[in-house]
Amino acid sequence: MDPLKQALLQLGSPTGLALVLLGTTLGIFVGAIPGLTGTMLIALMLPLTFGVDPQYAMTLLISVYVGAISGGMITATLLRMPGTPASIITTLDGYPLARKGKPERALALGVMASFVGGMISWGLLVLLAKPVALLSTRFGPFEYFSLVLTALVLIASIGGKSLSRSLLAGMLGILASMPGIAAATGQARLTFGFTELNDGFHLLPVLIGLFAVNQIMRDIAGKNSTPEAIKLGERRHRWRWTDFKEHFANMIRSSFIGAWIGLLPGIGANIGSVAAYSVAKSTSKTPDKFGTGHEPGIVAAESANNATVGGALIPLIAMGLPGSVVEAILLGALVIHGLQPGPRLFSDSPGMVYTIMGAMFLANIVMVVIMSRSMRLLARLTEIPREYLLPVILTFCVIGSFALSNRLFDVWVMLAFGGLGFLLESWRIPLAPFVIGFVLGPIAEENLSAGLMSTNGDWSPIFTRPISLTLVLIAIGLLVLPLLRGRKKSTEASS
Amino acid sequence: MNRIWHIFAVPLIAVLLLWRISGVFNSNSEASYPAQPIQVVVPYDAGGGTDNFVRLLSKAIADHELLPQPLVVINQPGGSGTIGSRYVKDSPPDGYRILCHHESIITAKLSGSVPFGPEAFEPIVQTGGINLLVVVREDAPYQSMRDLLEAAKQEPKTLRFGANLGSPAHFTAMKLEAAHPGAQFNLITAGGGQKRFVSLLGGHLDAGIFSLAEYLAFRAEEGTPPDKNVRALAVLSAERLPSLPGVGTCLAEGIDVTSDNAYYWWAPQGTPPEVIETLSQALLSAWEKEEVRETLNEWSIAPEVSQGESLLQRLEDRVSQMEKFAVRAKSDLPNFPLYAFLIVLALIAVVIVKSVVERTAPSAALPVEYRPAIIAFAIVIAYVLLLQFGLVPFALATIAMVFFCGAIISGWQRQRLPVLVEIALLAGLGSEFVFTRIFTVALP
């Protein structure tokens, strides 16, 4: 039978649809719980799919992937506890909007943006997978380094009120990523005698420490200062068709940015939303409103982070290159089921490729239906008394950190970063740049080292290679522009 | 609202309690080894080569009931495999926690990243060999291994060769250099197999070492433009490989180098010999199964095994072969941590100066009441301490933590406490059930 037809029949069968529904729902659920991530769920489910037909197994795993990246938005918006690094940027505007009494509105915007982002990147995946995948090989070590540099400046320029504080946060994040075995030399450094530190701090404990634990402490302490933080609004706060028109350009642009950045292995999901948000902010007529619950901010962040899924699947399908841990596990799932991921997957097992594409499409639709149906219910999450909600979230944070690599050390790391996050925020140092710096620092270092090794210590390719130079110029522009703008504003104010 | 909650919560708690109590009775039965599930630590991420390999064998052991208890895979990635290997090394030698790891366990010691090597473990058995190849981009000027080494001799230290510092591939590269006096590669740490493949295609590397499975996966179909495909120069095995009849060996070119890698199973030192025997029997019987053979063939893993004396001999040979080479540390790289630290200091100075100049008032939204937060934080710390020292079972500790935290937050309001008790029980028992029964994670 024609592989396309077969894949469609299989996906459309009751089992196929049930798996999409199950996977997406579980993904949303797990993505929404701070401490548990889609990555973890996929890793844990992998052994359960052994006995299953490979196409059904992939359907389930892809659905979890799509669900989880969307679910992260829920707690990021309502509680300011992003479930994944990809939804950090959503906290910047989603949470303030929810605090203004419009949690449902914030969710609605995010869901629609997620859907559009997912669909646009799905289109790119289907139409362009093969030609586009080869683009990622153009990125050598120096290009990666410049890209990370640009991303760090991007996040610093959007993360808070003060550029110097944001840069400081980003650098602190990089510093925190340095203990452990250095990628380039294989030697342990800055471990202060703790052998557990040989692998450095893991991202998940750092993320949920900084955001979830810190926020829980803040919620407990601030009990009396903000008695009823979020009140449910009226039904009219939901999505309207006029919104679609209003946010159209933003959604399309952010989705494309997300999908293109998602292409690059190792970087995608984390900075797709950063880049889209900062572009939305810098092209906006009212950049000052960003960070105060401004709707375009939510739209940009959410359409971009969902778009990275399709973008990241492109190198996976076309060349067998995983862009993130999730994708590495998906790749492993293919291998376990006897498929050879790589440049020949398309010609050897087209049925699997169609299944992956089809599952992503269906999961996106299921995601938008589930999320918009359950939005009101989800928004009521904020009405649960805190004495019930917070201890349970804490339990999940502890289990999540532990299950990551089965050691309590990561739980201690989480608690320590919880304390650190509390202090940093009290000193008005924003946390988003910290985490992005933490994520990107090792990538920058690894690539710079590889680059310097191959040139025997010569730095000049950063400025002589065209892609790299362009990125550096963008980074410098981003640093200088806000300063110029600030000066202009202050002269206007004084005149 | 509250009533609906009770209707759901109470029966659920009852069921979980029942499960928990019955579980306690079951595990009390004394039996010969293995009386409980055996944890196999994979020192890499789920979905990687080692992980798939272990899962294949553990599935065969479970399917054919070769052991009365299942093998449970525990992923402990990081530190080039040293986090997981150290964890097993420091585990009690009772056969309930073992390791599957390839020859990085030797090179990790030789390159100085950890102070222990294979001598710190009891080797159980070697199952499977990994064949290695030297690969270049299809349109590269080198037609043979000799061409490549000659190029590395003509212009030493310029040919960019992807071999991660201290990895088995690094040692192989040094062996190749030694076999062709004067040749010197520029050895570059370029990441895992996929990353090296992209670097080859993008022209960021000139050559690299890949496993047979990786090469078969990355090699595109005939007719792909030569700058978008890869080509093997030579295999590093003693004989040609059946799956790649067109690729010659290094030996045939007169370069006296062979190199491969293999998967070994390890137990902590001091594990009783009969336990080692039970494990190696089970693994070897699984190894003989038809479906395992077929899958290994698909994955291009050579069907080699060794155990007992021959295994010890093999390991000794490996160590003595590799010991001859000292890892070339890259000392000319900048000291990144120092730079980062200096930049942080500079930025702190800027921030302090700015805030003094601008005299910004402290932010208004400071939390008011710190005490409950501090107490709750202390409870969580006590909770993790209890788990750390294994003083209290996970479920019990969690129930107590959830209850006391909730009570502190609510300020011990009477009417909140019953629901809180239910939530605590559900969180403790429920999470234990989901994680140990459904996902087979080992909780603290």
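Just so we're clear, the structure is a prediction, and the values are computed from it rather than from any experiment.

Visitor: Sorry if this is basic, but what is going on with the overall build of chain A here?
Guide: Helix and strand counts for chain A stand at 21 helices and two strands. The C-alpha atoms of chain A give 22 Å as radius of gyration, which agrees with the globular expectation for 495 residues (23 Å, within 12%). For chain A, the spread of C-alpha atoms along the principal axes amounts to about 75 × 65 × 50 Å. A total of 495 residues make up chain A; the buried ones form 66% of that total. Relative to all contacts within chain A whose residues are 6 or more apart in sequence, the contacts with residues 24 or more apart total 79%. Split by element, the accessible area of chain A, about 16900 Å² in all, is 68% carbon and sulfur. Taken together, the 35 basic and 25 acidic charged side chains of chain A have centroids lying 9 Å from each other.

Visitor: Would you take a moment to explain the interface of chain B and chain A for this structure?
Guide: One frequently used descriptor of interface size is the decrease in accessible area upon assembly of the parts. With 99 residues of chain B at the contact, the number on the chain A side is 100 residues. Carbon and sulfur atoms make up 70% of the surface buried where chain B meets chain A, a total of about 8400 Å² over both sides. Interface area lost by chain B to chain A is led by His 204, Phe 336 and Ile 409 of chain B, which between them contribute 8%. Run the count over chain B and chain A and you get one salt bridge. For Arg 416 of chain B, the salt bridge identified is with Glu 387 of chain A, shortest N-O distance 2.6 Å. Taken together, chain B and chain A are joined by five residue pairs in polar contact (both at pLDDT 80 or more). With 12 residues, the single largest contributor to the side of chain B that touches chain A is helix α12 (residues 336–358) of chain B. Here the residues of the side of chain B that touches chain A are counted per class, giving 59 nonpolar, 25 polar and 15 charged.

Visitor: I'm lost on the pattern of salt bridges in this one. Help?
Guide: Once their charged atoms are close, side chains differing in charge can pair, the charge on each being opposite to the other. Residues and elements named next belong to chain B. Throughout the structure, instances matching the rule amount to 24 salt bridges over all chains. Salt-bridge contacts for Arg 55 lead to Asp 51; the nearest nitrogen and oxygen are separated by 2.8 Å. Taken together, the positions of Arg 55 and Asp 51, both in helix α2 (residues 49–63) and four residues apart, correspond to about one turn of that helix. Residues Arg 55 and Asp 51 agree in their burial class; the two are buried. Residue Arg 314 is joined to Glu 103 by a salt bridge in which the shortest nitrogen-to-oxygen separation is 3.7 Å. You can see Arg 314 sitting in helix α11 (residues 308–323) and its partner Glu 103 sitting in the loop between β3 (97–101) and α4 (104–110), a full 211 residues away along the chain.

Visitor: Please clarify how helix α17 (residues 386–405) of chain A should be interpreted in this entry.
Guide: At 3.6 residues per turn, the α-helix brings residues three or four places apart onto the same side. Residue and element names in this part refer to chain A. Helix length check: α17 (20 residues) gives 30 Å between terminal C-alpha atoms against 28 Å at 1.5 Å per residue, within 8%. With 17 of 20 residues buried, α17 lies mostly within the body of the structure. Asn 406 sits one or two residues past α17 and shows a positive phi near 60°.

Visitor: Teacher, can you tell me more about the environment of Gln 340 of chain A here?
Guide: With respect to the helices and strands, Gln 340 of chain A occurs in the loop between α13 (325–336) and α14 (345–348). Taking the C-alpha atoms as reference points, Gln 340 of chain A and Leu 60 of chain A, separated by 280 residues in sequence, lie 19 Å from one another. Setting aside chain neighbours within four positions, we find Gln 340 of chain A in contact with Leu 345 of chain A together with Ala 213, Leu 216, Ala 217 and Glu 298 of chain B.

Visitor: For this particular structure, what's the right way to read the pairing of strand β9 (residues 260–268) of chain B?
Guide: Each regular strand carries side chains that alternate between the two faces of the sheet. Residues and elements named next belong to chain B. Counting buried positions over the nine residues of β9 gives nine, a clear majority of the element. Neither face of β9 is exposed, since Asp 260, Ala 262, Tyr 264, Trp 266 and Pro 268 on one face and Asn 261, Tyr 263, Trp 265 and Ala 267 on the opposite face are all buried. Sheet topology places β3 next to β9; three bridges connect them, and they run antiparallel. In the strand pairing of β9, Cys 100 is matched with Trp 265. Here strand β4 (residues 121–137) runs beside β9; their pairing, made up of nine bridges, is antiparallel. Following the sheet pairing, Thr 127 is matched in β9 by Tyr 263.

Visitor: Sorry if this is basic, but what is going on with the packing of helix α9 (residues 273–288) of chain B against helix α10 (residues 290–298) of chain B here?
Guide: Each pair of packed helices can be summarised by the angle the axes make with each other and by the distance between the axes. Residues and elements named next belong to chain B. Between α9 and α10, the least distance of the axes is 5 Å, while the angle of their chain directions is 75°. As judged from the angle between their axes, α9 and α10 are roughly perpendicular. Contacts between α9 and α10 involve Ala 286, Trp 287 and Glu 288 on the former and, on the latter, Glu 290, Val 292, Arg 293 and Leu 296. By residue class, the composition of the contact of α9 with α10 is four nonpolar, no polar and three charged.

Visitor: Teacher, can you tell me more about the nonpolar core here?
Guide: For soluble globular proteins, the rule of thumb is that nonpolar side chains tend to be buried together. Ile 62, Leu 313, Leu 330 and Met 414 of chain A together with Tyr 383 and Met 401 of chain B are the most contacted members of the largest nonpolar core, which totals 124 residues. Broken down by element, this core gets its largest block of residues, 12 residues, from helix α4 (residues 54–78) of chain A. Those residues in contact with Ile 62 of chain A that lie beyond four places of it in its chain are Leu 313, Leu 330, Ile 356, Ala 359 and Met 360 of chain A. Counting 81 residues, the second largest nonpolar core, distinct from the first, contains Leu 67, Val 136, Phe 171 and Leu 284 of chain B.

Visitor: Quick question: what am I supposed to make of a negative patch on the surface here?
Guide: All names here are of chain B. On the surface, a cluster of negative charge is contributed by Glu 290, Glu 291, Glu 294 and Glu 298. Positionally, Glu 290 belongs in helix α10. Overall, the relative accessible area of 57% leaves Glu 290 in the exposed class.

Visitor: Teacher, can you tell me more about unusual backbone geometry here?
Guide: The general pattern is negative phi for most residues beyond glycine and trans for most peptide bonds. Residues and elements named next belong to chain B. Here Lys 157, not a glycine, exhibits a phi torsion of approximately 65°, which is positive. Mapping Lys 157 onto the fold places it in the loop between α5 (145–154) and β5 (160–162). The phi torsion at Trp 412 lies on the positive side, around 55°, for a residue other than glycine. Looking at the element boundaries, Trp 412 is found in the loop between α14 (394–410) and α15 (417–438).

Visitor: I tried to follow the packing of helix α8 (residues 163–176) of chain A against α12 of chain B on my own but got confused; where do I start?
Guide: It is the contact of α8 of chain A with α12 of chain B, at a shortest axis distance of 9 Å, that shows an interaxial angle of 155°. Relative to α12 of chain B, the element α8 of chain A is oriented roughly antiparallel. Helix-helix and strand crossings are classified by hand; for α8 of chain A and α12 of chain B the assignment is left-handed. Of the residues in α12 of chain B, those in contact with Ser 164, Arg 165, Leu 167, Leu 168, Met 171, Leu 172 and Leu 175 of chain A of α8 of chain A are Pro 337, Ala 340, Phe 341, Ile 343, Val 344, Leu 347, Ile 348, Val 350, Val 351, Lys 354 and Ser 355 of chain B. Its residues assigned to classes, the contact of α8 of chain A with α12 of chain B comprises 14 nonpolar, two polar and two charged.

Visitor: Can you help me understand the packing of aromatic side chains in this one?
Guide: All names here are of chain B. A complete count under the given rule lists 18 aromatic pairs over all chains for this structure. Measuring from centroid to centroid gives 5.4 Å for Phe 403 and Phe 404, while their planes differ by 75°, and the two rings are edge-to-face. On the basis of relative accessibility, which here comes to 18%, the residue Phe 403 falls in the buried class. Residue Phe 404 is classed as partly exposed on the basis of its relative accessible area of 38%. Connected via pairs of aromatic rings, a cluster forms that spans Phe 116, Phe 121, Tyr 264 and Trp 266.

Visitor: Which parts of the structure should I look at to understand the domain arrangement of chain B?
Guide: Along its sequence, chain B is carved into domain 1 (35–129 + 262–323), domain 2 (131–258) and domain 3 (367–438). Taking only C-alpha atoms into account, the centre of domain 1 of chain B sits 38 Å from that of domain 3 of chain B.

Visitor: When you look at the side chain of His 101 of chain B in this model, what are you seeing that I'm missing?
Guide: If you trace the backbone, His 101 of chain B turns up in strand β3. Each residue touching His 101 of chain B, except ones within four places of it in the same chain, is listed here: Pro 43, Tyr 44, Ser 80, Gly 81, Ser 85, Ala 262, Tyr 263, Tyr 264 and Trp 266 of chain B.

Visitor: What am I meant to see in the pairing of strand β1 (residues 38–42) of chain B here?
Guide: Residues and elements named next belong to chain B. Across the five residues of β1, five count as buried, placing the element largely inside the fold. Neither face of β1 is open: one carries Ile 38, Val 40 and Val 42, the other Gln 39 and Val 41, and all of them are buried. Sheet analysis places β1 next to strand β2 (residues 71–75), joined by five bridges and oriented parallel. Bridge pairing in β2 places Ile 38 opposite Leu 71. After leaving β1, the chain enters α2 and then returns to the sheet as β2, a path that is right-handed. With three bridges joining them, β1 and β3 adopt parallel strand pairing. Residue Val 40 lies in a different strand from β3, and its bridge partner there is Ile 98.

Visitor: Got a minute to help me understand the side chain of Thr 127 of chain B in this structure?
Guide: All names here are of chain B. With respect to the secondary-structure elements, Thr 127 resides in strand β4. Residue classification places Thr 127 among the buried residues on the basis of a relative accessible area of 0%. In terms of polar contacts, Thr 127 uses its side chain to reach the side chain of Trp 265, at 2.9 Å. The residues contacting Thr 127, other than those within four sequence positions of it, are Phe 53, Leu 57, Tyr 263, Trp 265, Trp 287, Glu 304 and Val 305.

Parameters and conventions
- Residues numbered from 1 in each chain as written.
- Chains lettered and ligands numbered in written order.
- Predicted model: local features only at pLDDT ≥ 70, side-chain atom pairs only at ≥ 80, totals over all residues.
- Heavy atoms only, no water.
- Helix = DSSP H or I, 4+ residues; strand = E, 2+ residues; numbered from the N terminus.
- Rg over C-alpha atoms; globule rule 2.2 N^0.38 Å.
- Buried < 20%, exposed > 50% of the residue type's maximum accessible area, 1.4 Å probe, protein only.
- Contact = heavy atoms within 4.5 Å.
- Areas by Shrake-Rupley, 256 points an atom, 1.4 Å probe, with all protein chains shown as cover.
- Lys, Arg positive; Asp, Glu negative; His and termini not counted.
- Charge placed at Lys NZ, Arg CZ, Asp CG, Glu CD.
- Buried area = accessible area lost by both parts, 1.4 Å probe.
- Salt bridge = Lys/Arg side-chain N within 4 Å of Asp/Glu carboxyl O.
- Polar contact = N/O pair within 3.5 Å; in protein donor to acceptor, adjacent residues only side chain to side chain.
- Nonpolar A, V, L, I, M, F, W, Y, C, P; charged D, E, K, R; others polar.
- Expected span 1.5 Å × (residues − 1).
- Pairing = 2+ DSSP bridges.
- Axes fitted to C-alpha atoms, helices over the stretch in contact; angles between N-to-C directions.
- Parallel < 35°, antiparallel > 145°, perpendicular 65-115°, else oblique.
- Core = buried A, V, L, I, M, F, W, Y, C linked by side-chain atoms within 4.5 Å.
- Patch = residues over 30% accessible without salt bridge, like charges linked within 9 Å, V, L, I, M, F, W, Y side chains within 5 Å.
- Left-handed = near helix turned anticlockwise from the far one by under 90°.
- Phe/Tyr/Trp six-rings, centres within 6.5 Å; stacked < 30°, edge-to-face > 60°.
- Domains from an automatic or database assignment.
- Right-handed = clockwise from strand over helix to strand, strands pointing away.

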